[in-house]
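Below are the chains, spelled out letter by letter.
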Amino acid sequence: MAGRGRGGKTGSLTAEQMQALGCMGKDMPQVQTAPPPTFPALLNKPICLETTTAQNYQLLWKEDFLNRMRDSPYYIVSASQEKQKTSVKDWREKALERLKNKAQPEFNYKAMPRELNSNYRKRKADPRPKVLAKKTNIEDRLKQLEQKELKNGGENENDEVKRESDSEHDDEPEDPEAALDDEMDEENDYANDYFDNGEAYNEEDDNMDDGPVY
Amino acid sequence: MSADYAHLCSSILEQCFGKVVQSVADCLFSATTRTLSQIVSSTNFSRKEVVLAVAVLIKFRLVNFEPSKNNPFLAEYSLRREDVICLLRYSRYIHLVQTKYGNVGASIAEELLNAGSETATGLLLKCLSDGENKAESAETYRDTFIKMISDHYIIKIPELMPGDEQDEAVPKFQKNECGFFVPPNIDLQLLAQIQKGEATLSKALDGAIVWSLNYDRFHQEFRDDIMKLAIERKLGENAAECFSFILNLIYNTTDPWQRKASNLVTFVEIKQAIERKSNNMELIKYLDQYICLIMDDSLGFLRKVGDMGGGQYLVDMEKTFESLAFACVEAVITERFGSKAARIFRVIRVKKFIEQEDLQKEAMIPAKEAKSLAYNLFQEQFIHVKVIKKPGGGGSGPAKAFYLFQIKDKDTVRMLLDNCFKSLYNTIRRSNYEKNEHKGLIEKSQRLDSIVEAMKERGESDEYIAEIVETFTPPECEILNKVKNRIKTLSKAEMTLDDTIFLLQMYQHHCTTLPTGIQKFK
């Protein structure tokens, strides 16, 4: 009794179940053990399609459109494909290619993420405006200090100037984007620049061979 | 989105934009969003090529982007999967525009499709410099362009947020639904100056406003045409005209892509509209009868819901596309398995659940044949089996169960849609294969045509031209004709398949709650 249980799915239908489905004896469909053929024979020959004038117009336009797209600058051919092609080109094809290459793709880069614009250069911070700003600040500050000096008799001047300039330096707003750019900048990437060929391995040990220092 | 659709999208993009764009789109298809570095690492192309491919996809409005949630300076790209198939419908769009606005409209739409998206001034300049319609004035082009915008065939792409133009790593756009169809201010004088070379395009005031074709407005027109044609075939031209007036009235108060049914329209409103705009006296005289005819028809396009205003009606989109889609499914079954199989399918659909023995009696088909046909339909997933187990038993033998045939409407349509995607993909592949296989021959014939044309222009003698033409030997000519015919048949098949796909997609939009990506403003 132990092995019987309540049973699960047996995986195939019983004769009774097949009968209920209407399949018995010779009517039983053959068990399929292989994938169906790639090009199975057609049971019925498909009917021929009629072509209206509208369809004809559309067919011609579509063919024309695909040809135009193939010649347009938006049809991107990779460098590897280009190499394969150039090996079998004659002078006429090359001349045609040159004509085609004249057209340049037009993109509205303002409406696209900046990373897609290959002509975009990272704006380097212009030092002059900052210097000017600092100058004006210093002048203002000097005036204030002069006034203070007149009032207080010039006590602890230098200390205050120092403190002020320090605080100014700290308050300088940092551009988060620029920081990110610096972070992403390949030139600053330590992992790219640093290469250890292993020659320096154990160098420190060699230096220590001189003998112990007491 | 099925794997078949993914393959289809891939081959369509390869046809239009080449292998690099195809590879980038494949990468985007398999994920919700991806960053540029992720795309570069998963494709075998250089960063420069990938960047160009993504820019092309954005220009043709096939890729969206938005700032990443974790890093607002990083863009995440996503493919507009449902719009890729629109590339196959470009010829239909052009044909529709041509019938509505003539050659000028077709030229505008063509330039928009070639460029993906364009500013109004840039677009008109391209149209004017095009050789085909040079006789038309700039004013005609401008008026047609504005008319197309007011009819919603052309839509404005969302503008950049003011003030963000320079500083944002990922630009943000303002979505103002009211502004999508506001016509631009086109300066014709500046246009003339640019044409003469006295000014540059950068001086145009509308440089920041970009326009594109509004695919869903075209789809609305195609959908309405399907309904009108169905009524015309079944009930005649007058009934179709009446229904077209009803649809126009409904769009005054209803979002055209409302899923289940439209808002209400009264008999008086329909009568007034027809009397105002139609010259068809027969329709005006027997209007009430035509409306009754459409309403009582088994297609179920129109439904009466009240008696106010001489009778209130609504267009039942759900019932309409259920009827049309299943007429299509039945046609497919008839062509593949014969009319008896179609009868079996209809019987199951009417009865909802039916046993094998009852099925053969109801369909009046010999038992053996009915079994074989039902099995074929079951194997191809047009029909399904529902098992109802009798409670109780618990002995060692199998539980008593009833096996009932049924049709799962949504599953059947989805299966057929996937089959259509697969067939379309196969058709495109085969067409490309034929073109590649006979590339040399096709190019030779094109070169010969251009040489002959140039010779005719130069006024060379007919004998000399005939001599040149003879370089294309008769066997070559025969092969070329065969190949051209084969490619034409395949292209026709592509168009017919796309018609079926469109109908089934409409079924999915109106009869299910699945996300279809169809909406008034995109």
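Residues numbered from 1 in each chain as written. Chains lettered and ligands numbered in written order. Predicted model: local features only at pLDDT ≥ 70, side-chain atom pairs only at ≥ 80, totals over all residues.

Q: Describe the overall build of chain A, and please don't skip the residues or the numbers.
A: Scanning chain A from terminus to terminus reveals 9 helices and 0 strands. For chain A, the succession of helices and strands along the chain, N to C, is α-α-α-α-α-α-α-α-α. (Helix = DSSP H or I, 4+ residues; strand = E, 2+ residues; numbered from the N terminus.)

Q: Run through the overall build of chain B, naming residues and quoting values.
A: Looking only at helices and strands, chain B has 22 helices and 13 strands in total. Each principal axis of the C-alpha distribution contributes one length, and for chain B these read about 90 × 65 × 65 Å. Looking at chain B as a whole, 33% of its 522 residues qualify as buried. A sequence separation of at least 24 residues applies to 62% of the contacts in chain B between residues at least 6 apart. (Buried ≥ 20, exposed ≤ 12 C-beta atoms within 10 Å, placed from the backbone. Contact = placed C-beta atoms within 7 Å.)

Q: Explain unusual backbone geometry to me, and be specific about the residues and the numbers.
A: Note on backbone geometry: most residues besides glycine have negative phi, and most peptide bonds are trans. Of note in the backbone geometry, Arg61(B) takes a positive phi value of approximately 55° without being a glycine. Looking at the element boundaries, Arg61(B) is found in the loop between helix H4 (47-59) and strand E1 (63-67).

Q: Can you tell me about the nonpolar core, naming the residues and giving the values?
A: Residue and element names in this part refer to chain B. With 100 residues, the main nonpolar core has Val24, Val54, Leu57 and Ile344 as its most contacted residues. The leading source of residues in this core is H4, at 9 residues. Tyr90, Phe145, Ile149 and Leu191 belong to the second largest nonpolar core, which has 34 residues in total. (Core = buried A, V, L, I, M, F, W, Y, C linked by C-beta atoms within 7 Å.)

Q: Outline helix H6 (residues 90-115) of chain B, supporting the account with residue identities and numerical values.
A: All names here are of chain B. The first and last C-alpha atoms of H6 sit only 13 Å apart over 26 residues, clearly below the 38 Å expected at 1.5 Å per residue. Maximal helix bending in H6 amounts to about 140°, located at Tyr101. Trailing H6 by a residue or two, Gly116 shows a phi angle of about 85°, which is positive. (Expected span 1.5 Å × (residues − 1). Bend = angle between axes of the 7 residues up to and from the residue.)

Q: Please provide a residue-by-residue account of the pairing of strand E10 (residues 312-315) of chain B, values included.
A: Residue and element names in this part refer to chain B. Only one face of E10 is buried: it carries Tyr313 and Val315, and the other face, with Gln312 and Leu314, is open. With 4 bridges joining them, strand E9 (residues 302-306) and E10 adopt antiparallel strand pairing. Residue Gly306 lies in a different strand from E10, and its bridge partner there is Gln312. Linking E9 to E10, which pair antiparallel, is a turn of 5 residues; within it Gly309 sits at a positive phi near 60°. (Pairing = 2+ DSSP bridges.)

Q: Any chance you could break down the UniProt feature "domain: RNA polymerase III subunit RPC82-related helix-turn-helix" (unreviewed entry) in chain B for me, citing the residues and the numbers?
A: Residues annotated in UniProt with the feature "domain: RNA polymerase III subunit RPC82-related helix-turn-helix" (unreviewed entry) correspond here to residues 7-65 of chain B. Helix makes up 71% of residues 7-65 of chain B and strand makes up 5%, while its end C-alpha atoms are separated by 23 Å. (UniProt positions renumbered as here; feature names shortened; annotations may be inferred.)

Q: Can you tell me about the sheet that holds strand E13 (residues 401-406) of chain B, naming the residues and giving the values?
A: Spatially, the 3 strands line up as an open sheet ordered E11-E13-E12 (chain B), and their pairing is antiparallel. Each edge of the sheet is formed by a strand with only one pairing partner; in this case those strands are strand E11 (354-355) and strand E12 (384-389) of chain B.

Q: Describe the packing of helix H15 (residues 317-337) of chain B against helix H22 (residues 474-511) of chain B, listing the residues and the values that go with them.
A: Residues and elements named next belong to chain B. One way to put it is that H15 packs onto H22 with a least axis distance of 9 Å and a crossing angle of 145°. As H15 runs across H22, the sense of the crossing is left-handed. Along the contact surface, H15 presents Met317, Glu318, Phe321, Glu322, Leu324, Ala325 and Cys328, while H22 presents Thr500, Leu503, Leu504, Met506, Tyr507, His510 and Cys511. In the contact of H15 with H22, the residues fall into 10 nonpolar, 2 polar and 2 charged. (Axes fitted to C-alpha atoms, helices over the stretch in contact; angles between N-to-C directions. Left-handed = near helix turned anticlockwise from the far one by under 90°. Nonpolar A, V, L, I, M, F, W, Y, C, P; charged D, E, K, R; others polar.)

Q: Lay out the domain arrangement of chain B in plain terms, naming residues and giving numbers.
A: All names here are of chain B. Along its sequence, chain B is carved into domain 1 (3-79), domain 2 (86-213), domain 3 (218-306), domain 4 (320-391 + 398-407) and domain 5 (423-482 + 496-511). Centre-to-centre, using C-alpha coordinates, domain 3 lies 42 Å away from domain 5. Counting residues at the interface gives 5 residues for domain 3, matched by 5 residues for domain 5. The residue makeup of the side of domain 3 that touches domain 5, split by class, is 2 nonpolar, no polar and 3 charged. (Domains from an automatic or database assignment.)

Q: Quick rundown of the interface of chain A and chain B? Include the residues and the values.
A: On the chain B side, the residues contacting the 45 residues of chain A number 51 residues. The element contributing the most residues to the side of chain A that touches chain B is helix H2 (residues 53-71) of chain A, with 11 residues. In terms of residue class, the side of chain A that touches chain B is made up of 24 nonpolar, 12 polar and 9 charged.

Q: Help me get a handle on the confidence of the model for chain B, residues and values and all.
A: Averaged over all residues, the pLDDT of chain B equals 90, while 96% of them reach at least 70. As scored by the predictor, the complex reaches a pTM of 0.80 and an ipTM of 0.89. (pLDDT = per-residue confidence, 0-100.)

Q: Mind laying out the environment of Tyr464(B), listing which residues take part and the relevant values?
A: Within the element layout of this structure, Tyr464(B) appears in helix H21 (residues 462-469). Separated by 12 residues in sequence, Tyr464(B) and Val452(B) place their C-alpha atoms 9.8 Å apart.

Q: Tell me what's going on with the sheet that holds strand E7 (residues 210-213) of chain B, and back it up with residues and numbers.
A: All names here are of chain B. Spatially, the 3 strands line up as an open sheet ordered E3-E7-E4, and their pairing is antiparallel. Pairing within the sheet leaves two strands with one partner each, and these edge strands are strand E3 (118-119) and strand E4 (154-156). Pairing of E3 with E7, which is carried by 2 bridges, proceeds in the antiparallel orientation. By the bridge assignment for E7, Thr119 is matched with Val210.

Q: Break down the confidence of the model for chain A for me, citing the residues and quoting the values.
A: All names here are of chain A. Summary statistics for chain A give a mean pLDDT of 66 and a share of 40% for residues scoring 70 or more. Averaged pLDDT values over the elements of chain A bottom out at 48 in helix H7 (residues 176-184) and peak at 92 in H2. Overall, residues 1-5 carries pLDDT values under 50, and its contacts beyond four positions in sequence, including any with other chains, amount to 1 contact. Note on residues 178-183: pLDDT under 50 across the span, and 4 contacts to partners over four residues away in sequence or across chains.

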